[in-house]
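Residue-level structural notes
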Amino acid sequence: MANYIHVPEGAPLVPKLDVILDEHDYRAGALKLIKTLRPHWKPSEVKMKSFTDGITNKLIGCYVGGSMQDVVLVRVYGNKTELFVDRENEVKSFRVLQAHRCAPRLYCTFNNGLCYEFLQGVALEPEHIRSPAMFRHIARQMAKYHAIHAHNGWVPQSDLWLKMSKFFSLVPTHFEDPEKDQRLNSEVPSTACLRDEMIWLQQNLSKLGSPVVLCHNDLLCKNIIYKQQEDVSLPKSLHLLHRAIATDWRCSVCPARTPPGPEMSNSLTTNMLGTIIKPMILAITSMNLQV
């Protein structure tokens, strides 16, 4: 059994640059990266655009000229995000997806972030993904992820419950600020209550036999990019892990905290399974032959 990400042979190597970016004064550090990644760009002509949709990271687009045709995205890790995000696994995820043409190019990593290709398109909103044509696109792209075999011949094992337990260990039990502490105690269920719910979920969901596949695990609307007359892309992949297939489906269909209608649920399931079932069967046959 395995719950790690295996990078296939031939996947592009990713250079590591000895640069630290200050998320509040990032231009000087970003220019050091651009000097290596785009040596023909004049530093005085490099423009930078800060993207504000991210919750935990700082994201800056670097480009030259009047249009954003060639953009280097610089992501600066948020403070203490390494406590709940495995940065080594993040890089492996990029390399695996890039090898299967499911992700943008990863140009480099640096001491507190990474640089990757900017995908042209529109970041979706909840009303977009409710469109039948759009959620079918999303389902097909999800199925491509689920059909990737990144476990090097081992039977993949979900790490969902292990990861949730780790998150629980990071949950604060109190705050020094009285107002925050009052809100924590009055608005948030106790740790004991949440642990009981997690145990109940684990006991009941583990019986369902949902296939364990490679999942995106972070399908917020803004993480889905659509380019007209082409398929959707799911560029943000730092949470790529082996999970039960149903968990990825749930993240995608309910981004606005509203349950999907029957048509959307059935169509997502049909489109995902139509793409993924055949590769899964072929892979299982191959694994049996190797054994």
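A brief report on the enclosed structure follows. Keep in mind that this is a model prediction, so the values were computed, not measured.

What about the overall build of the chain?
Within the chain, the regular secondary structure consists of 9 helices and 11 strands. Residue burial in the chain is summarised as follows: out of 291 residues, 39% are buried. When contacts within the chain are restricted to residue pairs at least 6 apart in sequence, those whose partners lie at least 24 apart make up 68%. Total accessible area on the chain is roughly 16800 Å²; 55% of this is exposed by carbon and sulfur atoms.

Comments concerning the pattern of salt bridges
Using the criterion set out here, one finds 6 salt bridges in the structure. A salt bridge links D70 to R38, with the shortest nitrogen-to-oxygen separation between them at 3.0 Å. In this pair, D70 sits in the loop between β3 (58-63) and β4 (72-76) while R38 sits in the loop between α1 (27-37) and β2 (47-51), placing the two residues 32 residues apart along the sequence. Taking relative accessible area as the criterion, R38 reaches 11% and is therefore assigned buried. When the shortest N-O distance is used, the salt bridge between E88 and K92 registers 3.8 Å. One end of the pair is E88 and the other is K92, both in helix α2 (residues 87-99) and 4 residues apart, which spans about a single turn. Via salt bridges that share partners, R75, R87 and E90 belong to a single interconnected network.

Details of a nonpolar patch on the surface
Among the surface-exposed residues, L83, F84, F167 and L170 lie close enough to one another that they form a single nonpolar patch of about 320 Å² accessible area. When you line up the elements, L83 lands in the loop between β4 and α2.

Overview of helix α5 (residues 160-170)
If you check which residues of α5 are buried, you get L160, W161, K163 and F168. The buried residues of α5 occupy an angular sector of 160 degrees when the element is viewed end-on, so they sit on one face. Exposed positions of α5 whose direction lies more than 90 degrees from the buried face are L162 and S169.

Brief notes about the packing of aromatic side chains
Here the structure, examined in full by the defined rule, presents 2 aromatic pairs. With 6.1 Å between their ring centres and 25 degrees between their planes, F51 and F118 make a pair best called stacked. In this pair, F51 is assigned in strand β2 and F118 in the loop between β6 (113-117) and β7 (122-123), connecting sequence segments 67 residues apart. Centre to centre, the rings of F94 and Y116 are 5.3 Å apart; their planes meet at 45 degrees, and the pair counts as tilted. Of the two residues, F94 is situated in helix α2 and Y116 in strand β6; the sequence distance between them amounts to 22 residues. When its relative accessible area of 0% is taken as the criterion, F94 is described as buried. Judged by its relative accessible area of 7%, Y116 falls in the buried class. Note that R38 overlies the ring of Y107, its terminal NZ or CZ placed 4.8 Å from the centroid. Above the face of the Y77 ring, R87 is positioned so that its terminal group lies 3.5 Å from the ring centre.

What counts and what doesn't
Residues numbered from 1 in each chain as written. Predicted model: local features only at pLDDT ≥ 70, side-chain atom pairs only at ≥ 80, totals over all residues. Heavy atoms only, no water. Helix = DSSP H or I, 4+ residues; strand = E, 2+ residues; numbered from the N terminus. Buried < 20%, exposed > 50% of the residue type's maximum accessible area, 1.4 Å probe, protein only. Contact = heavy atoms within 4.5 Å. Areas by Shrake-Rupley, 256 points an atom, 1.4 Å probe, with all protein chains shown as cover. Salt bridge = Lys/Arg side-chain N within 4 Å of Asp/Glu carboxyl O. Patch = residues over 30% accessible without salt bridge, like charges linked within 9 Å, V, L, I, M, F, W, Y side chains within 5 Å. Arc of directions from axis to C-beta. Phe/Tyr/Trp six-rings, centres within 6.5 Å; stacked < 30°, edge-to-face > 60°. Lys NZ or Arg CZ within 6 Å of the ring centre and 35° of its normal.

The quantities given are spatial measurements derived from coordinates; they are silent on function.
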